[in-house]
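Listed below are the residues making up each chain.
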Amino acid sequence: MYKNMVIFGTRPEAIKLFPVINALKQQSKMRCEVLVSAQHREMLDQVLSITGITPDYDLNIMQPGQSLDALTARLLEGIGHVLDQAKPDRVVVQGDTATAMVGALAAYYRQIPVSHVEAGLRSYDIYQPWPEEVNRKIIGSIADQHFAPTEVSAGALKAEAVPADRVFVTGNTVIDALHWITDRIAHRPELAANLAELESRFAGKKIIGITTHRRENFGDGMENIASAIKTIAARDDVACIFPVHLNPNVRAVMDKMLGDEPNVAMIEPLDYPHFARLLSISHIMLTDSGGVQEEAPALGKPVLVMRDTTERPEGVTAGTAKLIGTDKNRIVSEIFTLLDDDTAYSAMARAHNPFGDGKASQRIAEIIWNASRQKT
Ligand code: UD1
Ligand code: UDP
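Criteria and cut-off values
- Residues numbered from 1 in each chain as written.
- Chains lettered and ligands numbered in written order.
- Predicted model: local features only at pLDDT ≥ 70, side-chain atom pairs only at ≥ 80, totals over all residues.
- Heavy atoms only, no water.
- UniProt positions renumbered as here; feature names shortened; annotations may be inferred.
- Near = heavy atom within 4 Å.
- Polar contact = N/O pair within 3.5 Å; in protein donor to acceptor, adjacent residues only side chain to side chain.
- Areas by Shrake-Rupley, 256 points an atom, 1.4 Å probe, with all protein chains shown as cover.
- Helix = DSSP H or I, 4+ residues; strand = E, 2+ residues; numbered from the N terminus.
- Buried < 20%, exposed > 50% of the residue type's maximum accessible area, 1.4 Å probe, protein only.
- Pairing = 2+ DSSP bridges.
- Right-handed = clockwise from strand over helix to strand, strands pointing away.
- Expected span 1.5 Å × (residues − 1).
- Contact = heavy atoms within 4.5 Å.
- Patch = residues over 30% accessible without salt bridge, like charges linked within 9 Å, V, L, I, M, F, W, Y side chains within 5 Å.
- Salt bridge = Lys/Arg side-chain N within 4 Å of Asp/Glu carboxyl O.

Where an unreviewed UniProt entry is consulted, the chain appears under the name UDP-N-acetylglucosamine 2-epimerase (non-hydrolyzing), with the organism given as Sphingorhabdus lacus. UniProt, in its Sequence similarities (unreviewed entry) section for the chain, records the words "Belongs to the UDP-N-acetylglucosamine 2-epimerase family." The Catalytic activity (unreviewed entry) field of the UniProt record for the chain holds the comment "UDP-N-acetyl-alpha-D-glucosamine = UDP-N-acetyl-alpha-D-mannosamine".

Colleague: Explain the site of ligand 2 to me, please; I cannot follow it from the model alone.
Modeller: Near ligand 2 you find 14 residues, and of these Leu270, Ser289, Gly290, Gly291 and Glu295 are the closest. At a separation of 2.8 Å, an oxygen atom of ligand 2 approaches a polar side-chain atom of Ser289. With respect to ligand 2, the backbone of Gly291 contributes an N or O atom lying 2.7 Å from an oxygen atom. Considering ligand 2 on its own, with 530 Å² of exposed area, one finds that the protein chains cover 95% of that surface. Listed by contribution, the elements that provide at least two residues to the shell around ligand 2 are α1 (11–26), α11 (272–281) and α12 (290–299).

Colleague: In this structure, what is going on with the pairing of strand β1 (residues 3–8)? I would like to understand it.
Modeller: A regular strand carries its side chains on alternate faces of the sheet. Counting buried residues along β1, six of its six residues qualify, which places the element largely inside the surrounding structure. On β1, burial covers both faces: Lys3, Met5 and Ile7 on one face and Asn4, Val6 and Phe8 on the other are all buried. Strand direction decides the pairing type here: β1 and strand β2 (residues 31–36), joined by six bridges, are parallel. Residue pairing in the sheet places Phe8 in a bridge with Val36 of β2. Considered for its hand, the β-α-β crossover made up of β1, α1 and β2 is right-handed. Sheet topology places β1 next to strand β4 (residues 90–94); three bridges connect them, and they run parallel. Bridging across to β4, Val6 finds its partner in Val92.

Colleague: Would you mind showing me how to read helix α3 (residues 68–86) here?
Modeller: Residues spaced three or four apart along an α-helix face the same direction, because each turn holds 3.6 residues. If you check α3, its first and last C-alpha atoms are 26 Å apart, about what 19 residues at 1.5 Å a residue would give, namely 27 Å. Listing the buried residues of α3 in full gives Leu71, Leu75, Gly78, Ile79, Gly80, Val82, Leu83 and Ala86. Packing partners of the buried residues in α3 comprise β1, β2, β3 (57–58), β4 and α4 (98–109). Just downstream of α3 lies Lys87, where phi reads positive at about 45°.

Colleague: Mind showing me how you'd approach a nonpolar patch on the surface here?
Modeller: Taken together, the side chains of Ile126, Tyr127, Trp130 and Val134 present a nonpolar region at the surface, about 380 Å² in accessible area. As for its position among the elements, Trp130 is in the loop between β5 (114–117) and α5 (132–142). Looking at Trp130, the relative accessible area reads 35%, which means it is partly exposed.

Colleague: Could you clarify how one ought to interpret the environment of Asn263 in this entry?
Modeller: With respect to the helices and strands, the residue Asn263 is situated in the loop between α10 (248–258) and β10 (264–267). Along the sequence, Asn263 and Arg235 sit 28 residues apart, while their C-alpha atoms lie 8.4 Å from each other. Setting aside chain neighbours within four positions, we find Asn263 in contact with Phe202, Lys205, Ala233, Arg235, Asp236, Val238, Ala239 and Cys240. A polar contact is formed between the side chain of Asn263 and the backbone oxygen of Val238, at a distance of 3.5 Å.

Encoded structure:
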């Protein structure tokens, strides 16, 4: 039987791939195995646990403060070894992490075809986001199926001379994931109930939800962000809820600079139901995340993006997202404008779905199934 191997390692890949895995498993005439590198450990396990995905292979690769070199080397050996054992007919990777890039490369070394979920995102700056822009391009040069979330990303691939019949506009599977989790919480509100204590402590204040982790923002960028949050949180009418990424380069700065701020709740990374709850109670999202740039527009939450460029221009075009960089004064003034100017706020706070309709995974599974039938 035709065997797909879905490979991933980090929190956002798990969120964006669990709906694809579920859709592939519904195709009864194909097999679907799951290989996790565990490039992330705790943050990956949070997603596996809530979505009920059980990996067939777990490389348990994460080490504290891992370098790109060492991570990449461990991934290549580990993934290659599993591919030699499992001999899949197709490998499926998502996005732009080290695991995704090496998963595609290891498959290519064995001449196994590769499907790329969330293909064609481009910032056209190889250092922003770093190293994700180049990871995506490497995967794009290997894949024979490119699942572009939007016409913009499909257009980028065609401009790079990827044959049009290999590019499929599917929507982004993050919207499938968001629909799934929203539905789960509606049926079982207790899944997202652990923020209740913070919600009552901050009652009457406008919540700013914050995430940050980009490598290109380490150092000065992180210090600017922390300093801006300190100034913003000095206002009585706001409170910041900040699930801090486990990367020590983020934690060290935030602990040092924001440890004693009464209006800043620095908390552990939230599992997906609780993060969905944070999105829904937040007045504004302040982030450098890729996924949050896609989720916030779907929920009509203004999202200020602490980056100079984005490979996800659709949220900016729709008016829900704004690129603001990492200059302290700019971050503060953009937040204050949204807090104080109702017209500016309303202009951004409108729900848009530029990233899809929640059926991307189904489309992807069908395309993979059709291609597998042509092969056999
Ligand atoms: C990685 C991806 C990035 C993605 C991000 C999502 C690469 C090169 N980077 O960046 O594209 O946007 O994940 O969050 O692929 N850590 C833990 N526990 C965890 C996760 C991380 O302790 O569950 C700590 C470890 O010390 C680890 C460090 O964070 O060494 C960095 O993890 P890593 O995956 O290398 O980089 P991220 O910054 O998370
Ligand atoms: N997320 C989460 N818990 C958190 C922070 C984020 O579940 O505490 C989710 C968020 O909903 C989004 C994804 O993680 O789907 C984004 O991951 P991250 O920002 O780490 O990576 P990126 O998207 O930038 O690659």
